[in-house]
Amino acid sequence: MGSVGKCLDEGGDVDDPWSGVDAARLACAVREQAERTVPGIQDMGSYLASQVCDVSHREVLGPLLDGHGASGVVVRRGVVLASWGDPERTEMAFSATKSVLSLVAGVAFGDGLLRLDEPVCRSVGLAQFGDAHARKITWRHLLDQSSQWEGELWSKPTWVDAQSTREGTESAGGAPGAGWAYNDVRVNLTALALTVLFRRSLPEVLRERVMEPVGASSGWSWHGYADSVVEIDGRRIGVVSGGAHWGGGLWISALDLARIGQLCLRDGQWGGRRLLSAGWIEEMWRPCPVKRDYGLSWWLNDHRTVWPKAPSTGRCARGNGGGHLLWVDPARDLVVSSRWGAGVESLLAEVSAAVRPVSPA
């Protein structure tokens with residue numbers, strides 16, 4: 001509980017973080033969540049094997065980190081009101097990594113390196129964007145998972161990812177932007193394209209432009225696969241993965257993940273300093289035309305389709321079915337970061353009920 005009372009953003013809201021909070025109800029919600037740990041995580045190799053539904057190409061290519069118990073924090077107005085487990089312990093983030101990848105794209109956007117609705121092939125010279133279909137893929141298509149790119153990357157073909165067919169919203173063989181699919185191969189392509197765009201590794205960019213400025217610990221890391229390397233200017237640069245479907249991805253603590261959520265809640269500003277362009281967070285949370293509960297790699301609860309029992313004002317990064325969750329609710333000035341927690345919808349419902357909105361819901 002050592003993190004309770006910690007102010008994450010010294011230049012943030014100076015109002016009382018406990019105003020409008022039912023402390024007893026919040027404490028009960030946190031206490032219950034501490035007991036809801038996802039089972040089987042102590043042996044990550046076995047756990048991941050049980051989670052992946054791919055019929056082939058199931059081999060793990062990146063490193064794994066064994067999990068521990070449930071952990072997390074509740075942050076209001078930049079102050080940690082409650083915590084459970086060890087919120088400073090590093091854990092795999094699974095697909096919550098995708099939302100952090102979108103933040104890195106925001107850095108590129110702010111630097112003028114990319115335009116969301118411009119074809120990717122205009123700014124990076126990769127063979128993957130060389131055919132007639134791929135030349136129409138924009139950065140927005142990559143980030144909102146509507147590119148419909150077909151191919152193979154790091155020995156994994158797009159068709160092998162069983163998640164792609166889960167939603168039934170892909171337009172097979174259709175144009176970029178005409179269909180949507182949750183596909184880790186395509187997300188890895190996004191990471192490759194951004195690496196080539198920056199001409200440096202994405203962990204370096206994230207560390208320099210986001211994590212160090214927000215005061216994150218040194219315990220986080222971001223991993224790719226054994227063979228996910230690109231040569232740029234004669235240098236071999238590792239390319240990270242956008243999740244842990246085949247290992248790798250972002251490894252981060254609940255507290256550091258909450259700092260990212262707080263940065264989003266503050267529209268990309270931290271301590272009076274702008275880290276992301278004005279409007280980037282709004283773009284991240286703009287609904288994809290063919291998948292209204294998804295933005296630029298962030299889930300949107302506007303229609304309460306992601307978490308029906310949680311407020312419609314929330315946005316989230318989530319991985320492993322919600323076992324890893326970063327929830328951001330601007331209406332309540334609220335951030336919830338949960339790691340290896342089962343039953344997170346109940347957590348969100350109870351915490352949200354304990355915190356009165358500061359703006360109309």
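Description of the structure in this document. Note that the structure is a prediction, hence the values are computed from the model and not measured.

### Considerations on the sheet that holds strand β3 (residues 91-92)
Stage number 1. Here 4 strands make up an open sheet; going across it, the order is β3-β8-β6-β7 and the pairing antiparallel. Two strands in the sheet have a free side with no partner beyond their single neighbour: β3 and β7 (235-240).
Stage number 2. One ladder, built from 3 bridges, connects strand β6 (residues 221-232) with strand β8 (residues 249-252); its direction is antiparallel. Note on β8: the bridge partner recorded for serine 221 is tryptophan 251.

### Thoughts on helix α7 (residues 254-265)
Stage number 1. In this model, α7 (12 residues) spans 16 Å end to end at C-alpha, consistent with the 16 Å of a helix rising 1.5 Å per residue.
Stage number 2. Within α7, 12 of the 12 residues are buried, which leaves it mostly tucked inside the rest of the structure.
Stage number 3. Residue aspartate 267 follows α7 closely and has a positive phi angle near 55 degrees.

### A closer look at unusual backbone geometry
Glycine aside, a negative phi is what most residues show, and trans is what most peptide bonds show.
Stage number 1. We note that serine 155 has phi near 75 degrees; this positive angle belongs to a residue other than glycine.
Stage number 2. Considering the arrangement of structural elements, one finds serine 155 in the loop between β4 (152-153) and β5 (156-157).
Stage number 3. The backbone phi angle of arginine 304 is positive, close to 55 degrees, even though this residue is not glycine.
Stage number 4. Mapped onto the secondary structure, arginine 304 falls in the loop between β11 (299-300) and β12 (315-319).
Stage number 5. Judged by its relative accessible area of 39%, arginine 304 is partly exposed.

### Structural notes on the nonpolar core
Stage number 1. Counting residues in hydrophobic clusters, the biggest one holds 77 residues, and the most contacted among them are Phe129 and Trp139.
Stage number 2. The greatest single-element share of this core, amounting to 10 residues, is contributed by helix α5 (residues 184-198).
Stage number 3. What tryptophan 139 contacts, discounting residues up to four positions off in sequence, is Leu114, Arg115, Leu116, Glu118, Val120, Ser123, Val124, Ala193, Leu194 and Leu197.
Stage number 4. Grouped together as the second largest cluster of nonpolar side chains are 29 residues, Val21, Leu26, Trp299 and Leu348 included.

### Re the pattern of salt bridges
Stage number 1. The tally for this structure, following the rule as stated, stands at 20 salt bridges.
Stage number 2. Among the ionic pairs, arginine 186 bridges to glutamate 150, the shortest N-O distance being 2.9 Å. Placement of arginine 186 in helix α5 and of glutamate 150 in the loop between α4 (139-143) and β4 is noted, with a sequence separation of 36 residues between them.
Stage number 3. For arginine 186, a relative accessible area of 5% puts it in the buried group.
Stage number 4. A salt bridge links arginine 274 to aspartate 267, with the nearest nitrogen and oxygen atoms 3.7 Å apart.
Stage number 5. Assessed through its relative accessible area of 35%, arginine 274 is described here as partly exposed.
Stage number 6. According to the relative accessible area criterion, aspartate 267 is partly exposed, its value standing at 30%.
Stage number 7. Counted as one network, the salt bridges with shared partners bring together Asp117, Arg140, Glu283 and Arg286.

Cut-offs used in this document
Residues numbered from 1 in each chain as written. Predicted model: local features only at pLDDT ≥ 70, side-chain atom pairs only at ≥ 80, totals over all residues. Heavy atoms only, no water. Pairing = 2+ DSSP bridges. Helix = DSSP H or I, 4+ residues; strand = E, 2+ residues; numbered from the N terminus. Expected span 1.5 Å × (residues − 1). Buried < 20%, exposed > 50% of the residue type's maximum accessible area, 1.4 Å probe, protein only. Core = buried A, V, L, I, M, F, W, Y, C linked by side-chain atoms within 4.5 Å. Contact = heavy atoms within 4.5 Å. Salt bridge = Lys/Arg side-chain N within 4 Å of Asp/Glu carboxyl O.

Nothing here speaks to function; it is geometry throughout.
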